[in-house]
Amino acid sequence: MMTEREAGIERLYPSLFGRMAARYYYLRKLRAQIEEVVQLFLAKSPQKLTLADYGCGNKPYEPIVAPFVAQYLGIDLELNPIADIHIAPTGAIQLDAEKLDVVLSTQVLEHVVDPKQYLQEAHRVLKNDGLLILSTHGYWMFHPDPTDFWRWTSTGLRKIVEDEGFEVVYFKGIIGRAAMGLQLFQDGLLFKLPKFLRPLLAIIMQPQIIFFDKITAQDTIDKDACTYVLVAKKKTIK
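An account of the accompanying structure is given in this report. (Residues numbered from 1 in each chain as written. Predicted model: local features only at pLDDT ≥ 70, side-chain atom pairs only at ≥ 80, totals over all residues. Heavy atoms only, no water.)

1. Considerations on the overall build of the protein chain
For the record, the criterion: We count a stretch as a helix when DSSP gives it H or I for four or more residues in a row; a strand needs E for two or more, and each element gets its number in order from the N terminus. Per-residue accessibility, obtained with a 1.4 Å probe over protein chains only, is compared with the maximum for each type, and a residue is labelled buried under 20%, exposed over 50%, and partly exposed between these values. Here a residue-residue contact requires only that any non-hydrogen atoms of the pair lie within 4.5 Å. For the area figures, the Shrake-Rupley method with a 1.4 Å probe applies, and any residue is considered shielded solely by the protein chains shown. Lys and Arg are tallied as positive, Asp and Glu as negative. Neither His nor the chain termini are counted. Note that the charge is assigned to NZ on lysines, CZ on arginines, CG on aspartates and CD on glutamates.
Helix and strand counts for the protein chain come out as eight helices and seven strands. Overall, the C-alpha framework of the protein chain stretches about 55 × 40 × 30 Å when taken along its three principal axes. Within the span of the protein chain, comprising 238 residues, buried residues form 51% of the whole. Contacts spanning at least 24 positions in sequence make up 71% of the contacts within the protein chain whose residues lie at least 6 apart. For the protein chain, the accessible area works out to roughly 11400 Å², and carbon and sulfur atoms hold 59% of it. If the 28 positive side-chain charges of the protein chain are averaged to one point and the 28 negative ones to another, these points end up 4 Å apart.

2. Observations regarding helix 6 (residues 177-190)
Which entries qualify depends on this criterion: Expected helix span is given by 1.5 Å per residue-to-residue step, counting one fewer step than there are residues. What the arc covers is the set of directions going from the helix axis to the C-beta atoms.
For helix 6, which comprises 14 residues, the first-to-last C-alpha distance of 19 Å matches the rise-based estimate of 20 Å (1.5 Å per residue) to within 8%. Among the residues of helix 6, those classed as buried are Ala179, Met180, Leu182, Gln183, Gln186, Asp187 and Leu190. The arc that holds every buried residue of helix 6, seen down its axis, measures 155 degrees, which confines them to one face. Looking at the buried side of helix 6, the elements it contacts are strand 6 (166-176), helix 7 (198-214) and strand 7 (225-234).

3. Some thoughts on the environment of Ala32
Looking at where Ala32 falls in the secondary structure, it is placed in helix 2 (residues 24-41). In this structure the C-alpha to C-alpha distance between Ala32 and Asp84, which are 52 residues apart in sequence, comes to 26 Å.

4. Quick notes on the pattern of salt bridges
What counts, and what does not: Whenever Lys or Arg places a side-chain nitrogen within 4 Å of a carboxyl oxygen from Asp or Glu, that contact is recorded as a salt bridge.
Summed over all chains, the structure comprises eleven salt bridges. The salt bridge involving Glu35 is made with Arg31; its shortest N-O contact spans 3.5 Å. Within this pair, Glu35 and its partner Arg31 are both found in helix 2, separated by four residues, close to a single helical turn. With a relative accessible area of 30%, Glu35 lands in the partly exposed category.

5. With respect to the packing of aromatic side chains
Note on aromatic pairs: each is described by the distance of the centres and the angle between the planes. Basically, it comes down to this: Each Phe, Tyr or Trp ring, with Trp reduced to its six-membered ring, pairs with another whose centre is within 6.5 Å; inter-plane angles below 30 degrees give stacked pairs, above 60 give edge-to-face pairs, and intermediate values give tilted ones.
Tallied over the entire structure, the rule returns six aromatic pairs. Centre to centre, the rings of Tyr26 and Trp140 are 4.5 Å apart; their planes meet at 35 degrees, and the pair counts as tilted. Linking Tyr26 in helix 2 with Trp140 in the loop between strand 5 (126-137) and helix 5 (154-163), this pair joins segments that are 114 residues apart in sequence. Residue Tyr26 shares its accessibility class with Trp140, and that shared class is buried. A centroid spacing of 5.3 Å and a plane angle of 85 degrees characterise the contact between Phe211 and Phe212, whose relative ring orientation is edge-to-face.

6. With respect to the pairing of strand 6
As a reminder of what qualifies: Strands qualify as paired when DSSP identifies two bridges or more between them.
Strand 6 sits mainly inside the fold: eight of its eleven residues count as buried. Strand direction decides the pairing type here: strand 6 and strand 7, joined by nine bridges, are antiparallel. When the bridges of strand 7 are listed, Lys172 appears paired with Val229.

7. Re unusual backbone geometry
Here Asp145 and Pro146 are connected by a cis peptide whose omega angle stands at 0 degrees. With respect to the secondary-structure elements, Pro146 resides in the loop between strand 5 and helix 5. Although it is not a glycine, Gln107 sits at a positive phi angle of roughly 55 degrees. The topology assignment puts Gln107 in the loop between strand 4 (100-106) and helix 4 (115-125). Residues other than glycine seldom take positive phi values, yet Ile175 does so here, at roughly 65 degrees.

Next up, the structure:
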């Protein structure tokens, strides 16, 4: 993951004229949605929170999350040199139960072999009433990193999270069906073009993607989107 994912600053602040031009609008929308979640659920917390980035890669969202928590940790496979906590070959997080206030998972769930086990481990290491902040794909192109297994509908994602002992308290979609259709059309052409022409295609397509997304109602996007961002609370064990 360290070698595959784009640099954090490019992911957070892509330029329409830079290397990430083809992902310009998507990455900006994803950052804005995570920023909203941070403000709603972390920034005003009276507690000193310990947060772990589960499948952290190069921790691209650390700059916008870390200022609002007391401790920001990375969880990843042992081959990731910047991970603070490792995942065993069995999929188990090498951490005792009920140690974390928040688990952050951004664009990881679609890549794991067993999503249920992944969510079970997040549940295990969270304290009672701890929060899972998770984003993953509805529509997206195939993008192995190093694997790519899953896509979700809005109801399917809610179900798999709730089935593993969480209560969903916030759920938003980003980029609706029409805009995402254009994104996929762009991506279908993009890799057939010489590299020097790809930024030009992005400059043509990204404004159209923005336009169609802006005219789509948010409640429609929440049901049928490119990516979903949710916050779920670990149910209290009585």
